[in-house]
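Structure assessment
Listed here are the chains, written in short residue letters.
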Amino acid sequence: DDQIEQEQASQRLAGGCCALAAVYLMGKFYVANAGDSRAIIIRNGEIIPMSREFTPETERQRLQFLAFLRPELLGKEFTHLEFPRRIQPKELGRKMLYRDQDMNGWAYKKIKEDDLKFPLIYGEGKKARVMATIGVTRGLGDHDLKVFSSNIHIKPFLSCFPEVRVYDLTQYEHCPDDVLVLGTDGLWDVTSDKEVAGVVMEVLTSYEPNDPCRYTMVAQELVVRSRGVLKERGWRLANDKLGSGDDISVFVIPLGGPGNYT
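To start, this report covers the structure provided alongside it. Fair warning: this is a prediction, and the values are worked out from it, not measured in the lab. (Residues numbered from 1 in each chain as written. Predicted model: local features only at pLDDT ≥ 70, side-chain atom pairs only at ≥ 80, totals over all residues. Heavy atoms only, no water.)

**Describing the environment of Leu25**
Along the chain, Leu25 turns up in strand S2 (residues 19-25). Leu25 sits 97 residues away from Tyr122 along the chain, and the two C-alpha atoms are 40 Å apart. (Helix = DSSP H or I, 4+ residues; strand = E, 2+ residues; numbered from the N terminus.)

Quick look at the structure:
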């Protein structure tokens, strides 16, 4: 992240990205995630999550706590408190549900002038944004990202530190159908873990266990199915729902080889 900042300053390159990495070392897989990509292991048909997404919703309390400690980061335009909906001026003095950095549930408070500010976290699901700007809370870069038409920087609320999960391959016997799947959010936005596992099993069974192309074909099939088919109303999946409009990158990594296939 520091290197990106230096290059950005010298080459004037803007932007940022999420990061998902898998490192194999001494019999173990270390899976590190910073952003909204996802990794799962499929072992004997079982789905084992190897990451979690970092979004304004999943990291709400961390973001609110930072804003509580350093209110100057909000530029007097935002509030760190969260409300079920945007508050209107006519609701001053009324009671409304809210939650702050210390709360998992909700409580009531009387609406004050400061509560009319735009919330630090606004929206739900994929539409949730930090200060109405960005939908991920961990990643690399974005050092110069600001709230639209303001001088408020987003970077203090973004973390470059990944969460790391460890999987010990020596604890299990793996067959060639056991795989680690890494994918960007373009895949997971429209395809569930269970659906991915179904495609993995479907494609792998159509190839011999010692055919190295089988894993590439799984990745290709996952990309194709998640993008869908271009129709008059845009990209559509087989069920006629909208296909992924985001970039889709997929890795399918075998955990076992033909030698221990049973």
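**Comments concerning the packing of helix H4 (residues 193-204) against helix H5 (residues 213-227)**
It is the contact of H4 with H5, at a shortest axis distance of 9 Å, that shows an interaxial angle of 135°. Here H4 lies oblique to H5, going by the angle between them. Crossing handedness for the pair H4 and H5: right-handed. Of H5, the residues touching H4 (which contributes Val196, Val199, Val200, Glu202, Val203 and Leu204) are Arg214, Tyr215, Met217, Val218, Glu221, Leu222 and Arg225. (Axes fitted to C-alpha atoms, helices over the stretch in contact; angles between N-to-C directions. Parallel < 35°, antiparallel > 145°, perpendicular 65-115°, else oblique. Left-handed = near helix turned anticlockwise from the far one by under 90°. Contact = heavy atoms within 4.5 Å.)

**Section: the sheet that holds S2**
Pairing between the strands of a sheet is mediated by backbone hydrogen bonds and can be parallel or antiparallel. One open sheet holds the 3 strands; their spatial order is S2-S3-S13, and the pairing between them is antiparallel. Looking along the sheet, the strands with just one partner apiece sit at the ends: S2 and strand S13 (163-168). Taken over all neighbouring pairs, the strand axes of this sheet differ in orientation by 15° on average, direction set aside. Relative to S13, strand S3 (residues 28-34) runs antiparallel, the two being bridged by 6 bridges. Residue Val31 lies in a different strand from S13, and its bridge partner there is Arg165. (Pairing = 2+ DSSP bridges.)

**Some words on the packing of aromatic side chains**
One pass over the full model with this rule turns up 4 aromatic pairs. Ring plane angle 85° and centroid distance 6.0 Å describe the contact between Phe78 and Phe118, whose orientation is recorded as edge-to-face. You can see Phe78 sitting in strand S6 (residues 78-79) and its partner Phe118 sitting in strand S9 (residues 118-119), a full 40 residues away along the chain. For Phe78, a relative accessible area of 6% gives the class buried. With a centroid separation of 4.9 Å and 50° between ring planes, the pair formed by Phe118 and Tyr122 is classed as tilted. (Phe/Tyr/Trp six-rings, centres within 6.5 Å; stacked < 30°, edge-to-face > 60°. Buried < 20%, exposed > 50% of the residue type's maximum accessible area, 1.4 Å probe, protein only.)

**Brief notes about the sheet that holds strand S4 (residues 38-43)**
If you walk across this open sheet you meet the 4 strands as S5-S4-S14-S17, and the pairing is antiparallel. Here the strands that pair on one side only, and so sit at the sheet edges, are strand S5 (46-49) and strand S17 (250-254). Each adjacent strand pair in this sheet contributes to an overall mean axis angle of 20°, direction not counted. Two elements, S4 and S5, share 4 bridges in a ladder whose sense is antiparallel. Bridge pairing in S5 places Ile41 opposite Ile48. Where H4 meets the sheet, it contacts S4, S5 and strand S14 (179-183), and its direction lies at approximately 50° from that of S4.

**Quick look at H4**
With 12 residues, H4 should cover 16 Å at 1.5 Å per step; its first-to-last C-alpha distance of 16 Å lies within 8% of that length. Of all the positions in H4, only Asp193, Val196, Ala197, Val199, Val200, Val203 and Leu204 are classed as buried. With its buried residues spanning 160° around the axis, H4 presents them on a single face. On the buried face of H4, the contacting elements are S4, S5, S14, helix H3 (185-188) and H5. (Expected span 1.5 Å × (residues − 1). Arc of directions from axis to C-beta.)

**Observations regarding the pattern of salt bridges**
Enumeration over the complete set of coordinates arrives at 20 salt bridges. Between Arg138 and Glu59 there is a salt bridge, with its nearest N and O atoms 2.8 Å apart. Placement of the pair is Arg138 in the loop between strand S11 (129-130) and strand S12 (140-141) and Glu59 in the loop between S5 and helix H2 (60-69), with a sequence separation of 79 residues. Its relative accessible area of 15% is what places Arg138 among the buried residues. Overall, the relative accessible area of 6% leaves Glu59 in the buried class. The shortest N-O distance in the salt bridge between Arg225 and Glu202 comes to 2.6 Å. Of this pair, Arg225 sits in helix H5 while Glu202 sits in helix H4, and the two are 23 residues apart along the sequence. Given the relative accessible area of 34%, Arg225 is considered partly exposed. Residue classification places Glu202 among the partly exposed positions, given a relative accessible area of 45%. A network of salt bridges, in which partner residues are shared, links Asp36, Lys126, Asp185 and Asp189. (Salt bridge = Lys/Arg side-chain N within 4 Å of Asp/Glu carboxyl O.)

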